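# Descriptive structure summary
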Amino acid sequence: MMAKIIAKENKKFIGAKEHKTISVEEEMKKEADSGESKRAEESHNKSLKIVLIGIAFVFGLLIGGVFIGKELNKFDYATMEFNKIKQNEITFYHSVIPIKDLAGNLLANYNLYLRYDPRDIKIPINGSINLQRNMLIAADPMLDNCDEKFFGVTLVKFLREAASRNIEIGTTNSNLSANSNLLEISCKDAKNGTVLLIREENETKIYEKEKQCYVLAVSDCNIGQAVERFIIGTIAHSRGKRI
């Protein structure tokens with residue numbers, strides 16, 4: 001009888017032992033699965049971090065490239081800051097000119113756009129440009145055949161809007177004046193204001209022929225650079241800078 005009881009208890013013990021063994025194996029398996037999942041999550045987070053760092057690096061390069069590009073297109077010349085910009089394959093050199101009243105108060109800003117790099121224009125300016133409030137401008141009719149004659153409009157626009165000058169337009173040709181409403185203008189009219197004569201000569205240069213009578217001499221139809229040089233000279237000389 002005792003043997004039966006012992007056998008029975010032994011059977012219970014063995015069953016319990018097997019059940020306990022199975023439970024331990026299941027726990028170990030769960031722990032292994034949990035560890036694998038954790039390692040996978042850590043690997044995913046690490047990969048995501050690398051991707052984000054890569055994106056930030058590329059974005060930083062792009063922003064830095066744009067900033068460096070803008071800085072490379074900036075330069076100072078003749079007391080002005082210029083930005084080199086491109087619009088529809090056309091390059092401009094832009095500067096902001098402050099317009100002030102006699103007391104030095106800012107009234108507005110004038111956006112100056114040049115077609116030529118002002119650093120590359122080597123046209124000499126002989127004398128100091130000092131413009132009176134009233135100006136008389138006359139051009140040689142021969143320059144009407146030049147492709148860059150439209151720069152005359154650029155000059156008048158600058159003098160009126162940025163330099164705040166009163167402008168009267170005329171001609172240097174007496175025959176044209178007699179057959180039109182244009183006033184014939186010469187250096188003798190300097191008593192009425194600053195005279196600017198735009199005429200054809202053998203050398204492109206800017207000089208003061210007589211007191212308050214300036215000549216913008218043009219050779220080979222080089223009107224554009226001559227006009228822009230006069231504009232830069234006017235601004236620079238008004239600020240005490242000789243170029």
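So, here is what we can say about the structure in this document. (Residues numbered from 1 in each chain as written. Predicted model: local features only at pLDDT ≥ 70, side-chain atom pairs only at ≥ 80, totals over all residues. Heavy atoms only, no water.)

### Points about the environment of Y110
Note the threshold: By the criteria applied, helices consist of DSSP H or I runs no shorter than four residues and strands consist of E runs no shorter than two, each listed in order from the N terminus. Relative accessible area decides the class of each residue, using a 1.4 Å probe on protein chains only: under 20% of the type maximum gives buried, over 50% gives exposed, and in between gives partly exposed. The contact criterion used is simple: two residues touch if any of their non-hydrogen atoms lie within 4.5 Å.
Residue position: Y110 is located in strand 4 (residues 106-114). On the accessibility criterion, Y110 (8% relative accessible area) is buried. Distance in space between the C-alpha atoms of Y110 and E161 is 7.5 Å, their sequence separation being 51 residues. Contacts of Y110, omitting those with residues within four sequence positions, involve S95, V96, I97, I99, K157, F158, E161 and A162.

### As for the nonpolar core
The test is simple: Within this scheme, the nonpolar core is defined by two criteria: the residues are buried Ala, Val, Leu, Ile, Met, Phe, Trp, Tyr or Cys, and they are joined through side-chain atoms within 4.5 Å.
Core analysis: the largest hydrophobic core is formed by 42 residues, its most contacted members being L159, L196 and L216. A per-element tally of this core places helix 4 (residues 223-238) first, with 8 residues. Once residues within four sequence positions are removed from consideration, L196 is found in contact with M135, L136, I137, A138, L155, Y214, L216 and F230. Formed by 8 residues, the second largest nonpolar core is a distinct cluster that contains A138, A190, V195 and L197.

### Considerations on helix 4
Going by this rule: Every helix has an expected span of 1.5 Å times one less than the residues it contains.
Here helix 4 contains 16 residues, and its C-alpha end-to-end distance of 23 Å stays within 8% of the 22 Å for a straight helix at 1.5 Å per residue. Within helix 4, 14 of the 16 residues are buried, leaving the element largely enclosed by the surrounding structure. Looking one or two residues past helix 4, G240 carries a phi angle of roughly 80 degrees, positive in sign.

### Some points on the state of the cysteines
Counted only if it meets this: Our working definition of a disulfide is a cysteine sulfur pair at a distance within 2.5 Å.
Summed over all chains, the structure comprises 2 disulfides. Disulfide pairing places C146 opposite C221 at an S-S distance of 2.0 Å. Judged by the sign of its S-S torsion, about -65 degrees, the bond between C146 and C221 is left-handed. Pair noted here: C146 is in the loop between strand 6 (134-139) and helix 2 (151-162) and C221 is in the loop between strand 11 (213-218) and helix 4, with a separation of 75 residues, a long-range link. On the accessibility criterion, C146 (4% relative accessible area) is buried. Take C221: its relative accessible area is 31%, and that puts it in the partly exposed class. For C187, the disulfide goes to C213, at an S-S distance of 2.0 Å. The S-S bond linking C187 to C213 shows a torsion near -70 degrees; that makes this disulfide left-handed. Of this pair, C187 sits in the loop between strand 8 (183-184) and strand 9 (194-200) while C213 sits in strand 11; the two residues are 26 residues apart in sequence, bridging distant segments of the chain.

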